[in-house]
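If you want the building blocks of each chain, they are given just below.
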Amino acid sequence: MTVTTRREGNVGYVELDNPPVNAIGLSVRSGLLEAVYWAEKENLERVIVSGKGGMFAAGADAKEFDSAPVEPHLPDVLNAIDESHIPWIAAIEGVALGGGAEIALACRMRIMAPKAKIGFPEVTLGVIPGAGGTQRLPHLIGLANSVNMITTGKPLGAQQALEIGLIHEVDEEPIESAFMVNSEALGCIVPARDLPPAAHDAEAMAAARERLQAKSAGQIAPLRAIEVIEQGLALPLEEGLAIERQAFLELRSSEQAKALRHMFFSERAAKAPASLTAKPVALEHVAIVGGGTMGSGIAYALLNAGLKVTILENDNDGVERANNNVESIISASLKRGMINDAAATEHRERFTATTDYAQVSNATLAIEAAYESMEVKREVFAALEKALPADAILSSNTSYLDLNEIASSVTDPSRVIGLHFFAPAHIMKLLEIVRGEQTSDTALATGYALAKILRKIPVVVGVCDGFVGNRILARYREAADTILMDGSTPWEIDEAMVEFGYAMGPYAAQDLSGLDIAHANRRRQDSTRDPARRYIPIADRMVELGKLGRKTGAGWYRYPGGAGRVEDPIVADLAIEEAHFAGIKRVDYTADEIRERLLLAMINEAADILDEGIAASASDIDLVAVAGYGFPRWRGGLMGYADSIGASSIVGKLEQLAKEDAVVWKVSPLLQSCATDGLLLCDVQGGGTFSA
Ligand code: 3HC
């Protein structure tokens, strides 16, 4: 039974009991409908609906969205609650999201616990509220508030919900409070459906559409939500509900909704597996080596999670730089209202920068974020081994270097793990956890525990040059640079990728991170690079010219006065010149051709990564692409997107490109076998590190 009922005097108590989040699947819908009939048969005075386990309901069960809808449908169940002559009260603890919030809207009264949240996150799943959210909500909180809640998907806290008239009361004990409600007062509350419709506001709607264009370009559901809300304003509730249902069902079976569900469930699956039984080390004091941009970002993230942090530096200048870097993140967060004065003071108290390794003698975890040089890393790890307790976990934030070689610099390499953060480390959600050949389960469990404390998405990866994310990035950039050499400009390439859904293209992104980083990496790879692979020298020329990106005022673009970027004809000329030196006859690529090449290069590499067991699953690669590299979430991540095209079509295109360059476009064997066997990449389990 996922819905239970009991009678207390004249009051009915209905409890949703479908752990862990009371998702509203078929049995909950049926149980709720039966509860409506039961309450009427029992002739109750009122009904209180709540959720077991301090959780109201997380919405419709998204796992059912891949199959055809089954009766009773949620809108019908909620209409039955709404139209019943017995008033219902929603007593909300935990969250009331999506269909959960819609249950509350169908109730006569809503009481929330102070820490509870209510919201409509349907657009993040590529759908719109489908059980009255778009129709009942505007009656209660007006048009602008409704559009804001539904199109952003962001939930509100109890106090905010009270202030805008979405709920009636905030109480520490909402269920008890609902039992105490005076029946006469309850009878005076006008149900949402009988309140006058919200007034239309063309200006606010135009502004909302513009906002969506800027923030959610390419996404269908938020715009569809506005349309449906607007249509409902002029219609009786039943007609508005019918339009909403139709739109919801259409979106539910769309490619975008499928892609977003794939990402939703991939994100949920990113946690320590049940088979990992080792206990993580207790995390209280963490040592960070290096207080540069990355080290100080990591330090701030740890401070924000309540940990004590010591940054270790080489000399007093380094200590001063680390102090300044951390302080500037604390001050910026304070200024933006992300933390208050008390939190800032606490952060400062828990933070030290020093050259004295003796100060980390009780740290249980070290994160090395020093210069990307094997020699430096080996020295640092030897020093950490001496300074920290023998069972402390020693980690490296290296982006490219061989973790196994780093681990060999300490006596017990099982203590060593990679924790690859993404800049800015206190903001970016992804954490690649690099498992070396000898990494222990305790170290792995500690990586997962850290990700949980920091609320980051953990993805375990194997050792290779660039791990998952940077290895794919290298192919993306290689494909872009080849197109740049052979015919396009950086801005044409960037625009093609922005049209695909990236917030910025590869060149604008590289201007942000700095061209010198990739340059140093290319020099490191000089001795191991396949001589048969084409080398594009344009980026090297840029570095020679001192065009390192935003920090030097010019990179692939120019940034006059530190303001917005402008196209730089010198860069376009540089590409033409290099092509001329190489005897290349340049061609015009269309935006579609540009996109196709860049995406195919990434998909092909990602398939190899999966095949080699550097990633455990296609969905892990999708998490890396979306959370670390800006691949559009609504495309379902890189592999989800590849599956929407199909392996055989991808192989056909790659074979076509291989006629131009057989080395670069060599088809991944995994793609080949998926095409032959008709398999989806998302159904493939990684080999290598991850094979059972
Ligand atoms: N459907 C199916 N399963 C769901 C679910 C949903 N709506 N929401 C959560 N779950 C599952 C998760 O997949 C996870 O399963 P697992 O244990 O097997 O991995 C489990 O519940 C716990 O979820 P989390 O790991 O996310 O737990 P948290 O405590 O971190 O977060 C939460 C809880 C805030 C409720 C978060 O899960 C959440 O935001 N859920 C999605 C809410 C949502 O998008 N609702 C809208 C659904 S669409 C809808 O309602 C349509 C309607 O208008 C008709």
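Conventions adopted
- Residues numbered from 1 in each chain as written.
- Predicted model: local features only at pLDDT ≥ 70, side-chain atom pairs only at ≥ 80, totals over all residues.
- Heavy atoms only, no water.
- Helix = DSSP H or I, 4+ residues; strand = E, 2+ residues; numbered from the N terminus.
- Buried < 20%, exposed > 50% of the residue type's maximum accessible area, 1.4 Å probe, protein only.
- Contact = heavy atoms within 4.5 Å.
- Areas by Shrake-Rupley, 256 points an atom, 1.4 Å probe, with all protein chains shown as cover.
- Lys, Arg positive; Asp, Glu negative; His and termini not counted.
- Charge placed at Lys NZ, Arg CZ, Asp CG, Glu CD.
- Axes fitted to C-alpha atoms, helices over the stretch in contact; angles between N-to-C directions.
- Parallel < 35°, antiparallel > 145°, perpendicular 65-115°, else oblique.
- Domains from an automatic or database assignment.
- Near = heavy atom within 4 Å.
- Polar contact = N/O pair within 3.5 Å; in protein donor to acceptor, adjacent residues only side chain to side chain.
- Nonpolar A, V, L, I, M, F, W, Y, C, P; charged D, E, K, R; others polar.
- Pairing = 2+ DSSP bridges.
- Phe/Tyr/Trp six-rings, centres within 6.5 Å; stacked < 30°, edge-to-face > 60°.
- Right-handed = clockwise from strand over helix to strand, strands pointing away.

(A) Seen up close, the overall build of the protein chain. The secondary structure content of the protein chain amounts to 28 helices and 19 strands. Summarising its shape, the C-alpha atoms of the protein chain cover approximately 85 × 60 × 55 Å along the three principal directions. Across the 692 residues that make up the protein chain, the buried fraction comes to 55%. Long-range pairs, those at least 24 residues apart, make up 74% of the contacts in the protein chain between residues at least 6 apart in sequence. Of the roughly 29600 Å² of accessible surface on the protein chain, 52% is carried by carbon and sulfur atoms. For the protein chain, the distance from the average site of its 64 positive side-chain charges to the average site of its 93 negative ones is 1 Å.

(B) Quick look at the packing of helix H25 (residues 618-629) against helix H26 (residues 637-645). H26 packs onto H25 with a crossing angle of 120 degrees between their chain directions and a minimal axis gap of 5 Å. Judged by the angle between their axes, H25 and H26 are oblique. Residue-level contacts link Ala618, Ile621, Asp622, Ala625 and Val626 of H25 to Gly637, Leu638, Met639 and Gly640 of H26.

(C) Focus on the domain arrangement of the protein chain. Each domain of the protein chain was delimited in the assignment, giving domain 1 (3-253), domain 2 (285-461) and domain 3 (469-690). For domain 1 and domain 2, the distance between their C-alpha centres works out to 43 Å.

(D) How the structure looks around unusual backbone geometry. Looking along the chain, the bond that leaves proline 19 and enters proline 20 is cis, with omega of 5 degrees. Of note, proline 20 is situated in the loop between strand E2 (11-16) and helix H1 (26-41). Here the bond from alanine 423 into proline 424 is cis, since omega is -10 degrees, no more than 30 degrees from zero. Unlike most non-glycine residues, asparagine 22 shows phi in positive territory, near 55 degrees. The topology assignment puts asparagine 22 in the loop between E2 and H1. Looking at asparagine 22, the relative accessible area reads 2%, which means it is buried.

(E) Summary view of the site of the ligand. Contacts to the ligand come from 24 residues, most closely from Ala58, Gly99, Glu102, Glu122 and Arg268. Within the backbone of glycine 99, an N or O atom sits 2.8 Å from an oxygen atom of the ligand. The contact in question runs from an oxygen atom of the ligand to an N or O atom on the side chain of glutamate 102, over 2.7 Å. Of all the secondary-structure elements, those providing two or more residues to the shell around the ligand are strand E5 (95-97), helix H3 (99-106) and helix H11 (255-269). It is H11 that contributes the most residues to the shell around the ligand, three residues altogether. Grouping the constituent residues of the shell around the ligand by class yields 14 nonpolar, four polar and six charged.

(F) Up close: the sheet that holds strand E10 (residues 285-289). Reading across the sheet, the eight strands line up as E12-E11-E10-E13-E14-E15-E16-E17 and stay open at both edges, with mixed pairing between neighbours. Edge positions in the open sheet fall to strand E12 (351-354) and strand E17 (457-461), since each of these has one partner strand only. For this sheet, the mean angle separating the axes of adjacent strands, direction not counted, is 25 degrees. Judged from the four bridges that link them, E10 and strand E13 (residues 365-368) form a sheet pairing that is parallel. Paired with valine 289 across the bridge in E13 is glutamate 368.

(G) Structural detail: the packing of aromatic side chains. Inspection of the entire model under this criterion finds twelve aromatic pairs. Between phenylalanine 65 and phenylalanine 248, the ring centres sit 5.9 Å apart and the planes meet at 85 degrees, which makes this aromatic pair edge-to-face. Pair noted here: phenylalanine 65 is in the loop between strand E3 (46-51) and helix H2 (74-83) and phenylalanine 248 is in helix H10 (residues 237-252), with a separation of 183 residues, a long-range link. Across the pair, phenylalanine 248 and phenylalanine 65 agree in class, each one buried.

(H) View of the packing of helix H19 (residues 490-500) against helix H20 (residues 506-513). At their nearest, the axes of H19 and H20 sit 7 Å apart, and the two run at 105 degrees to each other. Between H19 and H20, the crossing angle belongs to the class labelled roughly perpendicular. Together, Pro490, Ile493, Asp494 and Met497 of H19 and Pro506, Tyr507 and Ala508 of H20 make up the contact between the two elements. Across the contact of H19 with H20, the residue classes tally to six nonpolar, no polar and one charged.

(I) Highlighting the environment of serine 333. With respect to the helices, strands and loops of the structure, serine 333 is situated in helix H13 (residues 316-335). Separated by eleven residues in the primary sequence, serine 333 and alanine 344 have C-alpha atoms spaced 8.6 Å apart. The residues contacting serine 333, other than those within four sequence positions of it, are Tyr300, Met338 and Ile339. A distance of 3.0 Å separates a polar atom in the side chain of serine 333 from a polar atom in the side chain of tyrosine 300.

(J) Representation of the pairing of strand E4 (residues 88-92) in the model. With respect to burial, E4 is a largely interior element, five of its five residues being buried. Burial along E4 is two-sided: Trp88, Ala90 and Ile92 facing one way and Ile89 and Ala91 facing the other are all buried. Note on the crossover from E3 through H2 to E4: the handedness is right-handed. In this sheet, strand E6 (residues 109-112) lies alongside E4 in parallel orientation, the contact comprising four bridges. Bridged to isoleucine 89 within E6 is methionine 109.

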